[in-house]
Amino acid sequence: MDINDAWIGACRVVLGGEVGGLEQFAPYLTKYIESPVERVSALSGHALSVSFPSYPAEASFISNDEMARYNQMKKARLDINQVKDIDSVLEALREQIIYSGNIVIGNSREVSESDSIANSQFVHRSVRIYDSKYVAYSSDVRYGDHVFGCDKGPAPKFMISSTHTHKSVRGFENIKIIMASDAYYCANLEECQNCLFTFNQKSRRHLISNCQFAPDEYAKLKAKLLEDVRSRLEQKKSVPSIVDILRGSHE
Amino acid sequence: MNKELEEAWRQTCTIVLGGPLGPMGHYEGWLLSSTRAFVMQKSAISQRVFPLGAFKRFLLTREKVVDFDEAMKEGEKKLAPDEARALTLENAGKKLAALTHYSPEVMVGHNVELEQCTMVASSSHCYKTVYLAENKFCACSTWPRESEYAFGCDIAFSSQFCIKCYNSSCLKRCFEVSNGVNCSDCYFSHNIENCAECMFCFNTKAKRYAIGNVEYPKEEYLRVKKLLLAEISARLEKDKTLALSIYNLGRLSSAKAKETHEKL
């Protein structure tokens, strides 16, 4: 299974059906996420991804997989007796100050266009991802699984386009949901399940706009909403976001 | 700021830089630079001020943000069942306007002596720190996790006695290190792994007593280290900031080279 397969699977689980391949949703998924910054390797000229956005324009880079080649370059040996201050050291080492992009370490594989990745598999266009798998267009995720367009996610699973989803599963367009499941367009939930357009709740289920529904009626209304979401995503590659809902605006 | 955290700062500076600096308050601006910080946000209801993580979805909805207690009160509001049934993606923004104040604050687990922190789990004696879990004595940082005595760091996992370290894990007694793993006593280094007693090392592993990726006899290294730490401490004591950082080493050395060339 590759990252695109994982996206398709996540859409089936979260949205009730497929909406198309992952790449076409890049603009939608990256709208509220810190994305990798593209720089160029000083050794090979190849593009690479960097997670820190504010390196000086004149900073030099290599790709992390060019480390061996970098270390074959002659390194300045200081005359220790001539070292007077930091500036004299930096002067001697000037040519060696080259940063790395595409840093992928630990038990990681199938990582593309990403930086600062550790112990993660199948990661695409993301930064600062740790101990995760099947993550794309995301940042600052740890212990994530099938995560797309998310940030600040400790242990999210099957989560799309959300921020701060602590140990939550199956969600879409949420902000700050803690140990919640099956939440759509929600903000500030704790230990809730099956909520749509719901805000500031704890230990509740089958809510729509904070109003309680019977499970079967809730399921019908949820199916209707998800059909609308899928249709818009298929046609426009975008939907109104939780940000739009909270601000009272929509695209 | 509590006395214990101030003492932790003093100890960390002594261990990392060779001697104490002044009160941590004098260095807040420097410590917070190069970290993803937070903004102080007024509640939309009470005007109470609290820290808000400077993350896009939070910032774009900040006019809807309230504190935690206010949010739970807001949660008592709801739409009538027929209005809820009629919600669509088209009309939700308008129809839900009265319900959509929310709190981004999180505090889980047992927390002690936190000041101006937000998104917190099981931490103690922390100050101006965002998105933290299981830490002690951290300040002016973003996403420390299972760390102690971390100041001015952005992503420091399982680290101790670190000042201005970034995207790193398992560091001990480090200063201006980015993308470091399992390192100790390292300064101004980037993308290093299993290194100890290193300065200005880049893209390397398993080095000891090294400057610029070249290893030296222990006594020679320690002599240079002492000299450079004294200079760093002197600059910090005088200016309460340090222009040099791991992220601009190349630029400053280039600038100095250009200045030298022009003088010649």
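Procedures and definitions
Residue positions are counted from 1 within each chain, in the order its sequence is given. Following the order in which they are written, the chains are lettered starting with A and the ligands numbered starting with 1. Totals for whole chains, interfaces and linings use every residue, but because this is a predicted model, local features are given only for residues with pLDDT of at least 70 and side-chain atom pairs only at 80 or more, for both listing and counting. As a rule here, side-chain values cover all heavy atoms of the structure and leave hydrogens and water aside. Counting from the N terminus, the helices are DSSP H or I runs at least four residues long and the strands are E runs at least two residues long. Using a 1.4 Å probe on the protein chains alone, a residue whose accessible area is under 20% of its type maximum counts as buried, one over 50% counts as exposed, and one in between counts as partly exposed. A contact between two residues is defined here by any heavy atoms of the two lying within 4.5 Å. We get accessible surface area from the Shrake-Rupley algorithm with a probe of 1.4 Å; when it comes to residues, only the shown protein chains can shield them. Charge assignment: positive for Lys and Arg, negative for Asp and Glu; neither His nor the chain ends contribute. A charged residue contributes its charge at one atom only: NZ of Lys, CZ of Arg, CG of Asp or CD of Glu. Accessible-area loss on putting two parts together, using a 1.4 Å probe and summing over both, is the definition of buried area adopted here. Whenever Lys or Arg places a side-chain nitrogen within 4 Å of a carboxyl oxygen from Asp or Glu, that contact is recorded as a salt bridge. Under this definition, polar contacts are N or O atom pairs within 3.5 Å; protein pairs additionally need one hydrogen-donor-capable and one acceptor-capable atom, and for neighbouring residues in sequence, both atoms have to be side-chain atoms. Asp, Glu, Lys and Arg are counted as charged, while Ala, Val, Leu, Ile, Met, Phe, Trp, Tyr, Cys and Pro are counted as nonpolar; the rest, among them Gly, fall into the polar class. We call a pair of cysteine sulfur atoms a disulfide whenever their separation is within 2.5 Å. Domain delimitation follows an automatic or database domain assignment. By this rule, a helix spans an expected 1.5 Å times one less than how many residues it contains.

Engineer: It is not clear to me how the overall build of chain A should be interpreted in this structure. Could you clarify?
Structural biologist: Each helix and strand in chain A was counted, giving six helices and 21 strands. Each of the three principal axes of chain A carries a C-alpha extent, and together these read 80 × 35 × 35 Å. By the burial criterion, 60% of the 251 residues in chain A qualify as buried. The contacts of chain A with a sequence gap of at least 6 include a subset with a gap of at least 24, amounting to 29%. Split by element, the accessible area of chain A, about 9,500 Å² in all, is 47% carbon and sulfur. Each charge sign in chain A was given a centre, from 30 positive and 32 negative side chains, and these centres are 4 Å apart.

Engineer: What am I meant to see in the interface of chain B and chain A here?
Structural biologist: Quite often, the size of an interface is put as the accessible area lost when its parts meet. On the side of chain A, 83 residues touch chain B, which itself brings 78 residues to the contact. Between chain B and chain A the total buried area reaches about 7,200 Å² when both faces are included, carbon and sulfur atoms providing 64% of it. Counting the surface chain B buries against chain A, the share from its top three residues, Arg57, Leu89 and Tyr247 of chain B, is 13%. Applying the counting rule to chain B against chain A returns five salt bridges. Its salt-bridge partner being Arg85 of chain B, residue Glu217 of chain A comes within 2.3 Å of it at the nearest N-O pair. Linking chain B with chain A are 32 residue pairs in polar contact (both at pLDDT 80 or more). Considering each element in turn, the side of chain B that touches chain A owes the most residues, eight residues, to helix α7 (residues 218-239) of chain B. Among the residues forming the side of chain B that touches chain A, the class breakdown is 39 nonpolar, 19 polar and 20 charged.

Engineer: What's the story with the state of the cysteines in this structure? I'm lost.
Structural biologist: Tallied over the full model, the rule gives zero disulfides over all chains. Residue Cys11 of chain A stays outside any disulfide, its sulfur separated by 12 Å from that of Cys150 of chain A, the closest cysteine. Here Cys170 of chain B is not disulfide-linked; the sulfur of Cys183 of chain B is the nearest cysteine sulfur, at 9.5 Å.

Engineer: Any chance you could explain the domain arrangement of chain A here in plain terms?
Structural biologist: Residue and element names in this part refer to chain A. Per the domain assignment, the segments making up chain A are domain 1 (3-36 + 113-247) and domain 2 (37-101). The C-alpha centroid of domain 2 is placed 38 Å from the C-alpha centroid of domain 1. At the interface, eight residues of domain 1 touch seven residues of domain 2. Between domain 1 and domain 2 the total buried area reaches about 520 Å² when both faces are included, carbon and sulfur atoms providing 43% of it. For domain 1, the biggest contributors to the area lost against domain 2 are Pro36, Asp115 and Arg128; these three give 64% of the whole. Counting across the interface, domain 1 meets domain 2 through zero salt bridges. Viewed at the interface, domain 2 and domain 1 are joined by three residue pairs in polar contact (both at pLDDT 80 or more). Of all elements in the fold, only β7 (115-118) and β9 (127-130) reach the threshold of two or more residues within the side of domain 1 that touches domain 2. Here the residues of the side of domain 1 that touches domain 2 sort into two nonpolar, three polar and three charged.

Engineer: What should I look at first to understand α7 of chain B in this one?
Structural biologist: The terminal C-alpha atoms of α7 of chain B lie 31 Å apart, and with 22 residues this matches the ideal 32 Å at 1.5 Å per residue to within 8%. Among the residues making up α7 of chain B, those that are buried are Tyr221, Val224, Lys225, Leu228, Leu229, Glu231, Ile232, Ser233 and Leu236 of chain B. Those residues of α7 of chain B hidden inside the fold are in contact with α4 (86-93) of chain A together with α1 (3-17), α2 (28-32), β10 (160-193), β11 (196-199) and β13 (208-211) of chain B. Once α7 of chain B finishes, Lys240 of chain B follows within two positions and takes phi at roughly 60°, a positive value.

Engineer: How should I be thinking about the domain arrangement of chain B in this particular structure?
Structural biologist: Residue and element names in this part refer to chain B. Annotation of chain B at the domain level lists domain 1 (3-33 + 108-255) and domain 2 (36-74 + 100-105). A separation of 30 Å is found between the C-alpha centroids of domain 1 and domain 2. Taken together, the contacts link 11 residues of domain 1 with 10 residues of domain 2. Summed over both sides, the interface between domain 1 and domain 2 buries roughly 870 Å², with carbon and sulfur atoms accounting for 63% of that surface. Among the residues of domain 1 in contact with domain 2, Gln116, Thr118 and Met119 are the three that bury the most area, contributing 45% of the side total. Our enumeration of links across domain 1 and domain 2 arrives at one salt bridge. At the boundary of domain 1 with domain 2, the tally comes to two residue pairs in polar contact (both at pLDDT 80 or more). Broken down by secondary-structure element, the contributors of at least two residues to the side of domain 1 that touches domain 2 are β5 (118-121), β6 (124-133) and β9 (154-157). In terms of residue count, the dominant contributor to the side of domain 1 that touches domain 2 is β6 (three residues).

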